[in-house]
Every structure is written in C-alpha cells, then in structure tokens.
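Single-letter residue listing:
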Amino acid sequence: AAAATEWRPNLVTTTVAISACKQGKLWQEALGLFRGLQLGASTPPDADAYSATLLALMGAGEVELATALYNESLSEGMAFEGSSVSKASLSALPPSRPRLPARRPPPPPPR
C-alpha cells in the first residue's frame, strides 16, 4: 500500500479558506487563519490573503479590526492593485488606528 502523505495548507488554500469564512461571517476564524499564515507559513501573506481577511472583517462589521489590519498591511508594504479590496471599500475605513489582537501561534493541526 502506498504511504499516505501529510497534507499541509499553503498560501492559496488558506486564502481560499479565509474567503469562505467571509461568506459565513466567520471573521474570527478568518483572522486566525491569516495569523497562522503570518506565523507558520513558508510563504508570508500576499495582497490576496490580506484582501480576503479585510473583506471578511468588513463583511462582519468588524471595521476597527479591518482598519488595524489595513494599517498593518501598509506597514508591511502591501499593494492592493488588482486585488478584491477596492478603494471604495478602503475609504469606508475610519482614519483611527486601533490595534489588532496579538499574533498567537496557530493551533496544532488535527490528527
């Protein structure tokens, strides 16, 4: 019998999962997945991952957290040209600079 290979999420699959969280207004899960990318992925979050997370936060009405993440993305040098985050949606964010919850390591993968 062939040995089972262990599947690990990558940037693309995690970004898709974050987008799915937006549909269910599961902003906490979306933010947790995003933080997992920041802490444990071999490839750091890109504009699409930031966009998906921002949209999940904004869609759930978490404007302060979205603002904090957007400001964080700017400090990381992220550019959103061509992403699903439009200038119109970003202009809806207040100019305040709330802080995001501290980055925590992702939970261990299920067995």
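Cut-off values and rules
- Residues numbered from 1 in each chain as written.
- Predicted model: local features only at pLDDT ≥ 70, side-chain atom pairs only at ≥ 80, totals over all residues.
- Heavy atoms only, no water.
- Axes fitted to C-alpha atoms, helices over the stretch in contact; angles between N-to-C directions.
- Helix = DSSP H or I, 4+ residues; strand = E, 2+ residues; numbered from the N terminus.
- Parallel < 35°, antiparallel > 145°, perpendicular 65-115°, else oblique.
- Left-handed = near helix turned anticlockwise from the far one by under 90°.
- Contact = heavy atoms within 4.5 Å.
- Buried < 20%, exposed > 50% of the residue type's maximum accessible area, 1.4 Å probe, protein only.
- Polar contact = N/O pair within 3.5 Å; in protein donor to acceptor, adjacent residues only side chain to side chain.

(A) Inspection of the packing of helix α1 (residues 11–23) against helix α2 (residues 27–40) at higher detail. Remark: α1 packs on α2, axes separated minimally by 8 Å, with the N-to-C direction vectors making an angle of 165°. Considering the angle they form, α1 stands roughly antiparallel to α2. In terms of crossing hand, the pair formed by α1 and α2 is left-handed. Note on element contacts: α2 touches α1 through Glu-29, Ala-30, Leu-33, Phe-34 and Leu-37, opposite Leu-11, Thr-14, Ala-17, Ile-18 and Cys-21.

(B) Seen up close, unusual backbone geometry. Non-glycine residue Lys-25 carries a positive phi angle of around 55°. Its place among the elements puts Lys-25 in the loop between α1 and α2.

(C) View of the packing of α2 against helix α3 (residues 47–59). Two numbers describe how α2 lies on α3: the axes approach to 9 Å, and their chain directions differ by 160°. When the interaxial angle is binned, α2 and α3 end up roughly antiparallel. Between α2 and α3 lies a crossing whose hand is left-handed. Every residue of α3 that contacts α2 at Trp-27, Ala-30, Leu-31, Phe-34, Leu-37 and Gln-38 is listed here: Ala-49, Tyr-50, Thr-53, Ala-56 and Leu-57.

(D) A look at the side chain of Gln-38. Tracing the chain through its elements places Gln-38 in helix α2. The exposure class assigned to Gln-38 is buried, which follows from its relative accessible area of 18%. Only 2.7 Å separates the side chain of Gln-38 from the side chain of Glu-72, close enough to count as a polar contact.

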